Amino acid sequence: IIEKVSKHRNEKAYLVGGIVRDLILNIKNLDIDIVIEGDAIAFAKELNVFLNIKKIITHEKFKTAIIFLETGLNIDLASSRLEYYEYPTSLPTVSYSSIDKDLYRRDFTINAMALEIDYNNFGKLIDYYNGYYDLINKKIKILHNLSFIEDPTRIIRAIRFASRYNFDIESDTEKFLIQAVNDGFLNKISFDRLKNEIIKILKDKNPHKALNLFEKFNIFEKFNLNIIITPSTYNIFKKVLENKDEIIKNNVKPWQILLITLFRRLNSEDLKTIFHRFGFKNKFIRKISIGINERKIIVEKLKTANKNSKIYFLLNNIPLEIIYLIKYSYPEIENKINLYLNQLQNIVPIINGKILLKNGYTESKKIKNIIKHALELQLDNENYTIKEILKELHE
Ligand code: CTP
């Protein structure tokens, strides 16, 4: 269909960026980015005639369009353009151009290939910067010396792609990366972009190499984020990644445990401040700052906890993300945490307010205490019945 529209409009169209890279690597990627040598908005509107399009969002200033298909898939269309950077990380001013200029503004050779998908040369790989060669040779390489200065987010992106595909950062690229880090360019990355890149890293299958590279280039030190990568950081990462399925089953996102792992040495006030700057939602921040300071005390208490109820009441107000962090930091209490996660947290109290009201209890504080006490009895003796608990409470 794109071929047809491109012919009709006499404009060339190219798949670009990550999807071309991943097509060559034979990795699934549903981020469809298309560059039109011409007017992407008019092109998108014409596609509308042939496709089952749910809606189109256009951005006149940037000459871009996003097509939302009925199938749930999105297609991003952009007009090939030249970007002028007025100062590092500023929003670029935009003007029309051809695909080669469009590719030149990109981060790494492996991300700067295009696949022509128009009437002219359908299926032709456009690779001015030897991205294919670098992909085969597993190299992350910038296109020009000022790349990291133009967009310092690329420092983190280099680490991300090297880690994701287990590639090496090419030696000159590494030199420029270190230079940019030492010259303080990391601080020009907005918190929002930093957050997005870090989350992407933590969502990747194997972020170990990223930890390695963060350490090697002293990235976190430069951010003054008080993140120290230690052998136990690697250890916790390893365990979280090995147990991803179980964690997801408990409705916890593994990347969030990894994020907290990185920041675990911060006190909850500093953690809150930083996470606010990252733009995380208040609810999330409030949640994960509970228990982060008290971890060591909880662990000490868990070590001597000899009853189910003790374990339960130590953990039941702590968010699961922190519980997992504790579990993987202190193997000596792993059994107790497993007992909580697999059994105790799912126990439904057999005594509740309704039952107590029926049995003549009216004072709310008392009801609360009784419910807690009843749950304690229930947790420590599985065979209790409501009657027995009420009888015991009475005594
Ligand atoms: N890009 C760039 N410089 C950046 C960000 C993006 O040059 N700082 C270009 C790259 O060509 C990249 C494309 O924009 O391939 C799309 O960016 P993005 O969606 O962030 O990354 P992907 O390469 O698609 O990787 P991912 O699979 O992680 O989405």
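Description of the structure in this document. (Residues numbered from 1 in each chain as written. Predicted model: local features only at pLDDT ≥ 70, side-chain atom pairs only at ≥ 80, totals over all residues. Heavy atoms only, no water.)

Some points on helix 22 (residues 364–380)
Right, so step 1: Helix length check: helix 22, at 17 residues, gives a terminal C-alpha distance of 24 Å against a target of 24 Å (1.5 Å per residue), a fit within 8%.
Right, so step 2: Of the positions making up helix 22, those classed as buried are Ile367, Ile370, Ala374, Leu375, Leu377, Gln378 and Leu379. (Helix = DSSP H or I, 4+ residues; strand = E, 2+ residues; numbered from the N terminus. Expected span 1.5 Å × (residues − 1). Buried < 20%, exposed > 50% of the residue type's maximum accessible area, 1.4 Å probe, protein only.)

Some details on the nonpolar core
Right, so step 1: Ile34, Leu77, Ile219, Phe263 and Phe275 are the most contacted members of the largest nonpolar core, which totals 107 residues.
Right, so step 2: If you look at the next biggest cluster of nonpolar residues, it comprises 10 residues, including Val16, Leu103, Ala114 and Ile126. (Core = buried A, V, L, I, M, F, W, Y, C linked by side-chain atoms within 4.5 Å.)

Structural notes on the pattern of salt bridges
Right, so step 1: Across all of its chains, the model carries 22 salt bridges by this definition.
Right, so step 2: Among the salt bridges present, the one from aspartate 151 reaches arginine 193, with a minimum N-O distance of 3.3 Å. Of this pair, aspartate 151 sits in the loop between helix 6 (147–150) and helix 7 (153–165) while arginine 193 sits in helix 9 (residues 191–203), and the two are 42 residues apart along the sequence.
Right, so step 3: With a relative accessible area of 37%, arginine 193 lands in the partly exposed category.
Right, so step 4: Among the ionic pairs, lysine 175 bridges to aspartate 172, the shortest N-O distance being 3.2 Å. Here aspartate 172 and lysine 175 lie together in helix 8 (residues 171–182), a separation of three residues that amounts to about one turn.
Right, so step 5: In this structure, a network of salt bridges that share partners links the residues Asp107, Arg157, Arg160 and Glu197. (Salt bridge = Lys/Arg side-chain N within 4 Å of Asp/Glu carboxyl O.)

Quick notes on the site of the ligand
Right, so step 1: Taken together, 16 residues form the shell around the ligand, and within it Arg21, Asp107, Asp151, Arg160 and Arg164 come nearest.
Right, so step 2: Separating an oxygen atom of the ligand from a backbone N or O atom of glycine 18 is a distance of 3.2 Å.
Right, so step 3: The side chain of arginine 164 places a nitrogen or oxygen atom 2.8 Å from an oxygen atom of the ligand.
Right, so step 4: Every element with two or more residues in the shell around the ligand is listed here: helix 2 (18–25), helix 7 and helix 9.
Right, so step 5: If one sorts the elements of the shell around the ligand by residue count, helix 7 sits on top with five residues.
Right, so step 6: Partitioned by chemical class, the residues of the shell around the ligand number one nonpolar, four polar and 11 charged. (Near = heavy atom within 4 Å. Polar contact = N/O pair within 3.5 Å; in protein donor to acceptor, adjacent residues only side chain to side chain. Nonpolar A, V, L, I, M, F, W, Y, C, P; charged D, E, K, R; others polar.)

Concerning the sheet that holds strand 5 (residues 74–79)
Sheet strands pair by backbone hydrogen bonding; their relative direction is either parallel or antiparallel.
Right, so step 1: Reading across the sheet, the seven strands line up as 3-4-5-2-1-8-9 and stay open at both edges, with mixed pairing between neighbours. Since the sheet does not close on itself, it has two edges, and those belong to strand 3 (53–59) and strand 9 (125–126), each with one partner.
Right, so step 2: Note: strand 2 (residues 32–37) against strand 5, five bridges, orientation parallel. Looking across to strand 5, one finds that isoleucine 32 is bridged to isoleucine 75.
Right, so step 3: Contacting strand 1 (12–16), strand 2, strand 8 (114–116) and strand 9, helix 2 runs over the sheet at an angle of about 65 degrees to strand 1. (Pairing = 2+ DSSP bridges. Contact = heavy atoms within 4.5 Å. Axes fitted to C-alpha atoms, helices over the stretch in contact; angles between N-to-C directions.)

Structural measurements only, silent on function.
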